[in-house]
Amino acid sequence: MFYKFNLFFLLLFSLNGLIEAQEYSITSDKIEINTDIDRIIYEDNVSFESENVTFKADKLIVIESTDEFYATGNPIKISFFDGYEYIEGEAAKVEIKNDDLILSESVSIIKSGNKIKSESLVIKLKR
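It should be emphasised that the depicted structure is a prediction, and the values quoted were computed from it without experimental measurement.

### Notes on the packing of aromatic side chains
The description of an aromatic ring pair uses the distance of the two centres, along with the angle that the planes make with each other. Summed over all chains, the structure comprises 5 aromatic pairs. Judged by centre distance (5.5 Å) and plane angle (25°), the rings of Tyr 24 and Phe 48 are stacked. Separated by 24 residues along the polypeptide, Tyr 24 in strand 1 (residues 24-27) and Phe 48 in strand 3 (residues 39-50) bring together distant segments of the chain. The same class applies to Tyr 24 as to Phe 48, namely buried. Three or more aromatic residues joined by ring pairs form one cluster here, namely Tyr 24, Phe 48, Phe 55 and Phe 69.

### Notes on unusual backbone geometry
Geometrically, the link from Asn 74 to Pro 75 is a cis peptide bond, its omega value of -15° lying close to zero. One can find Pro 75 in strand 5 (residues 68-81). In this structure, Asp 67 is a non-glycine residue whose phi angle is positive, near 55°. Positionally, Asp 67 belongs in the loop between strand 4 (53-63) and strand 5. For Asp 67, a relative accessible area of 22% puts it in the partly exposed group. Notably, Asn 98 is not glycine yet its phi reads approximately 50°, a positive angle. Relative to the helices and strands, Asn 98 resides in the loop between strand 6 (86-97) and strand 7 (100-111).

### Some points on the nonpolar core
Core analysis: the biggest nonpolar cluster contains 26 residues, and Phe 55, Leu 60 and Leu 101 have the highest contact counts within it. Going through the elements one at a time, strand 1, strand 3, strand 4, strand 5, strand 6 and strand 7 are the ones with two or more residues in this core. Here Phe 55 is in contact with Val 46, Ser 47, Phe 48, Leu 60, Ala 71, Ile 76, Lys 77, Ile 78, Val 94 and Ile 96, once residues within four sequence places are set aside.

### Let's talk about the confidence of the model for the protein
Confidence in the prediction of the protein, expressed as mean pLDDT, is 82, and 81% of residues score 70 or more. Here residues 1-22 is a poorly scored stretch, pLDDT under 50, and it has 12 contacts once near neighbours within four places are set aside; other chains count.

### Digging into the side chain of Glu 68
Position of Glu 68 among the secondary structure elements: in strand 5. Despite its burial, Glu 68 remains without a salt bridge, the nearest opposite charge being carried by Lys 97 at 5.4 Å. Polar side-chain contacts of Glu 68 include one of 2.4 Å to the side chain of Tyr 70. With sequence-adjacent residues up to four places away left out, Glu 68 is seen in contact with Ile 61, Val 62, Ile 63, Ile 96 and Lys 97.

### A few points about the pairing of strand 6
With 10 bridges joining them, strand 5 and strand 6 adopt antiparallel strand pairing. When the sheet's bridge partners are listed, Phe 81 is paired in strand 6 with Tyr 86. Count of turn residues in the strand 5/strand 6 antiparallel hairpin: 4 residues, of which Gly 83 carries a positive phi of about 105°. Note that strand 6 and strand 7 share 8 bridges and pair antiparallel. For Glu 95, the partnering residue across the bridge sits in strand 7 and is Ile 102. Connecting strand 6 to the antiparallel partner strand 7 that follows it, the hairpin turn spans 2 residues, and Asn 98 within it adopts a positive phi of roughly 50°.

Quick notes on the rules
Residues numbered from 1 in each chain as written. Predicted model: local features only at pLDDT ≥ 70, side-chain atom pairs only at ≥ 80, totals over all residues. Heavy atoms only, no water. Phe/Tyr/Trp six-rings, centres within 6.5 Å; stacked < 30°, edge-to-face > 60°. Helix = DSSP H or I, 4+ residues; strand = E, 2+ residues; numbered from the N terminus. Buried < 20%, exposed > 50% of the residue type's maximum accessible area, 1.4 Å probe, protein only. Core = buried A, V, L, I, M, F, W, Y, C linked by side-chain atoms within 4.5 Å. Contact = heavy atoms within 4.5 Å. pLDDT = per-residue confidence, 0-100. Lys, Arg positive; Asp, Glu negative; His and termini not counted. Salt bridge = Lys/Arg side-chain N within 4 Å of Asp/Glu carboxyl O. Polar contact = N/O pair within 3.5 Å; in protein donor to acceptor, adjacent residues only side chain to side chain. Pairing = 2+ DSSP bridges.

Shown next, in the form of structure tokens:
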């Protein structure tokens, strides 16, 4: 019981610091934290929200040391700000790394009323 109690507070403290420091929020049904390899895996009903990007996915892997995000879903519903307007779309894979938002596999977005389809799309995110 004591182990579960400490694990809960460690998880709560880790996630709280993560959300405040990085200015994003993640929720899911299951969370697995591996401190040995600096990785958090969120699974089932994953919801990611930040100032510029919002999406819903099946699975999200966060590498904390590099602040990289890798999401998969069938499809991932996403909304992001390109610097001028919010764009909605979907893709099978979403990556966020080095201030880039990378959508891949069956990408479909609507920008300024125009539907755009591609196998990959890279957006430079503004901070």
